[in-house]
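Architecture at a glance
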Amino acid sequence: MNILVLGGGGREHALAWKIKQSPLCTRLICAPGNGGIASIAETASLNIEDGAEVVRYSRDQSIDFVVIGPEAPLAAGVADALSEAGVACFGPSAAAAQLEASKSFTKEICDACGAPTAAWAAFEDAAAARAYVEEQGAPIVVKADGLAAGKGVVVAMSLEDALAATDAALSEPGARVVIEEFMTGEEASFFVLTDGETVLPLASAQDHKRAFDGDNGPNTGGMGAYSPAPVFTPAVEQKAMATIVQPVIAEMAKRGAPYRGVLYVGLMIENEEPRLVEFNARFGDPECQILMLRLASDIVPALQACGAGGLNDITLDWAAEPAMTVVLAAEGYPGGYQKGQLIGGLDAAGAVPGVTVFHAGTRSIDGGVVSNGGRVLNVCATAADLATARDRAYAAVDAIDWPGGFHRTDIGWRAL
Ligand code: AMP
Ligand code: GLY
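Computed from a predicted structure; not experimentally measured.

Comments concerning the packing of aromatic side chains
The geometry of an aromatic ring pair comes down to the distance between the two centres and the angle between the two planes. Using the criterion set out here, one finds seven aromatic pairs in the structure. Consider the rings of tryptophan 17 and phenylalanine 358, whose centres lie 5.4 Å apart with planes at 75°: the pair is edge-to-face. You can see tryptophan 17 sitting in helix H1 (residues 10-20) and its partner phenylalanine 358 sitting in strand S19 (residues 355-359), a full 341 residues away along the chain. Residue classification places tryptophan 17 among the partly exposed positions, given a relative accessible area of 24%. Ring centres of phenylalanine 190 and phenylalanine 232 lie 4.6 Å apart, and the angle between their planes is 35°; on these two criteria the pair is classed as tilted. Taken together, the residues phenylalanine 190 in strand S10 (residues 186-194) and phenylalanine 232 in the loop between strand S14 (224-227) and helix H9 (234-254) connect sequence positions 42 residues apart. For phenylalanine 190, a relative accessible area of 1% translates into the label buried. For phenylalanine 232, a relative accessible area of 9% puts it in the buried group. Taken together, the aromatic side chains of Phe90, Phe191, Tyr264 and Phe283 make up a single cluster linked through ring pairs. The side chain of arginine 282 reaches across the aromatic face of tyrosine 264, ending 5.9 Å from its centre.

Description of the environment of tryptophan 120
Its place among the elements puts tryptophan 120 in strand S6 (residues 120-123). Considering only alpha carbons, one finds tryptophan 120 and isoleucine 40, 80 residues apart in sequence, at a separation of 45 Å. Apart from residues lying up to four places away in sequence, tryptophan 120 is in contact with Ser104, Lys107, Glu108, Asp111, Tyr132, Val178, Ile179 and Glu180. One polar contact links tryptophan 120 to aspartate 111, side chain to side chain, over a distance of 2.9 Å.

About the thresholds
- Residues numbered from 1 in each chain as written.
- Chains lettered and ligands numbered in written order.
- Predicted model: local features only at pLDDT ≥ 70, side-chain atom pairs only at ≥ 80, totals over all residues.
- Heavy atoms only, no water.
- Phe/Tyr/Trp six-rings, centres within 6.5 Å; stacked < 30°, edge-to-face > 60°.
- Helix = DSSP H or I, 4+ residues; strand = E, 2+ residues; numbered from the N terminus.
- Buried < 20%, exposed > 50% of the residue type's maximum accessible area, 1.4 Å probe, protein only.
- Lys NZ or Arg CZ within 6 Å of the ring centre and 35° of its normal.
- Contact = heavy atoms within 4.5 Å.
- Polar contact = N/O pair within 3.5 Å; in protein donor to acceptor, adjacent residues only side chain to side chain.

Below you can see the structure in the form of structure tokens.
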């Protein structure tokens, strides 16, 4: 089977790495790919948010199956374009991907099926939004309603910050803001595959969204993660499936927008009670990297079944060993940063026992690898226990020679 993976981050490197191990995969192409992907797959340059272009390329290259990694092509309807053209793909339709693209849509779906989540209200009018914020008081959460790479959310601890965030979110004409109750507890994410009807649970993880140690600094796409998440106990899983995942999947089907793909279920857990923080219509990045390391079974039949149906016939085996990933990012990220810096020591890092290095924002040049993005490398490790996985990951981080990079030194603190 010829398989095309869309995307070029650490998530797509991990997906490509896992897909490449499948006996079903005879040819693997990734667009645009990155410096690490280029060593295991062909890479292609195409506009992955343009459905017509992806369809044309897939036909030209006799692609049998397209795996969509990031959210932007999903929201742009690339899965719809492929389906219409008869090209099998993994990734929800644009209508179903609204579960990530629109926070107010998700809130309406939760209300319709009774899924527990923060109390909320949505506004387009600044005066009405401000009045609501003043009435509710701080702490309160202000979310710009649209895709913002996880950066459009302000958890405001003071009324002043909340009002400023509300004004900022509504500064563009036609903008919409969702204002939410501040939930307390511990966050974890849970991933499931679904064909629109059957739900196959994958695994749990915990991310570290803030840029700096001690959960300080600005929000990022994620600076490190581990799987499984100890807070996600079997009792929490059972409740999350019964009160959130199953009802939402059924509600989407009822509305004629069946959700087919991977659903990222972001949860706040307090006293073993899960409430929904957010959905994403894709694998988490960097959570995907550690899930792929822990997955013992072939992933390709499971990904195919999401679009083609028959997920109820699939079982997946998982390694009991935990996995951790530490993100190396360019100095300045999530703000401005430099590209094109040479990175050394990758072979030495990869030689540490249990370690796999996935590339995110890298590019290969003659004789090496250079930085090419904000999040640049995912140094991952598995071991019999999480403390050893952490030690291995950080030993590998120390082997990498990249003066322009930074990383958190406390990944896993909550579980350890
Ligand atoms: P989101 O993009 O909706 O996941 O929000 C980003 C981050 O903001 C989440 O991972 C949480 O840490 C935090 N957050 C979002 N909504 C809430 C909420 N209602 N209560 C507390 N924290 C929240
Ligand atoms: N790591 C968080 C996300 O992928 O949204």
